[in-house]
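Architecture at a glance
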Amino acid sequence: MTMRDTDRALVQAATAVAKLRCRSENHTVAAAARTTDGRVFTGVNVYHFTGGPCAEVVAVGAAATQGVTELETIVAVGDRGRGVIAPCGRCRQVLRDYFPTIRVIVGPMDALRVVPVAELLPETYVWADHQLDGPSLPAARTGAGD
């Protein structure tokens, strides 16, 4: 998909947060997420040796605190001028589970593009399919991985 002016502005928002707030090894990535009505929520990663949330997940949480249930587009930007960073596998899964139609900005700064999260995570694990009480569970499932 082609980049829109609002997509470029989202990259600029994440870049500004990375420059302002990512000044230690504990915070090295910033993310910005936009709602369909144009509101923007940002976050930074919280590094910890036990694992910590990525910037994308923090931005999703920031949006949730304001009652947002739908996000349209998200981007992550690295500190020290590293540019746009594609989401890790865990973030791809979280984004796909929470916002199946979200658009993700990826690529080098001179060739950014917007892709549906489904394109970043094809043949995804579907959490609801593996819940015993879930309505979408087929009557019989057999085989490895069930």
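Structural notes, computed from the coordinates. (Residues numbered from 1 in each chain as written. Predicted model: local features only at pLDDT ≥ 70, side-chain atom pairs only at ≥ 80, totals over all residues. Heavy atoms only, no water.)

Thoughts on the pairing of strand E2 (residues 40-44)
Here is the key point about a regular strand: its side chains alternate between the two faces of the sheet. Pairing of strand E1 (residues 29-34) with E2, which is carried by five bridges, proceeds in the antiparallel orientation. When the bridges of E2 are listed, Ala32 appears paired with Thr42. (Pairing = 2+ DSSP bridges. Helix = DSSP H or I, 4+ residues; strand = E, 2+ residues; numbered from the N terminus.)

Concerning the environment of Thr2
Locating Thr2 in the fold gives a position in the segment before helix H1 (5-21). Of the residues examined, Thr2 reaches a relative accessible area of 69% and is grouped as exposed. Through-space distance from the C-alpha of Thr2 to that of Val115 is 8.9 Å; in sequence the pair is 113 residues apart. Thr2 has contacts with Asp7, Arg103 and Val114, leaving out every residue within four places of it along the chain. (Buried < 20%, exposed > 50% of the residue type's maximum accessible area, 1.4 Å probe, protein only. Contact = heavy atoms within 4.5 Å.)

Concerning the nonpolar core
Counting residues in hydrophobic clusters, the biggest one holds 16 residues, and the most contacted among them are Met3, Val11, Ala30, Val75, Val84, Ile105 and Leu112. Contributions of two or more residues to this core are made by H1, E1 and strand E3 (73-78). With five residues, the top contributor of residues to this core is H1. For Val75, the residues in contact, after removing those within four places along its chain, are Leu10, Val11, Ala14, Ala30, Ala31, Ala32, Val84 and Ile105. Ala33, Phe41, Val106 and Val117 belong to the second largest nonpolar core, which has 15 residues in total. (Core = buried A, V, L, I, M, F, W, Y, C linked by side-chain atoms within 4.5 Å.)

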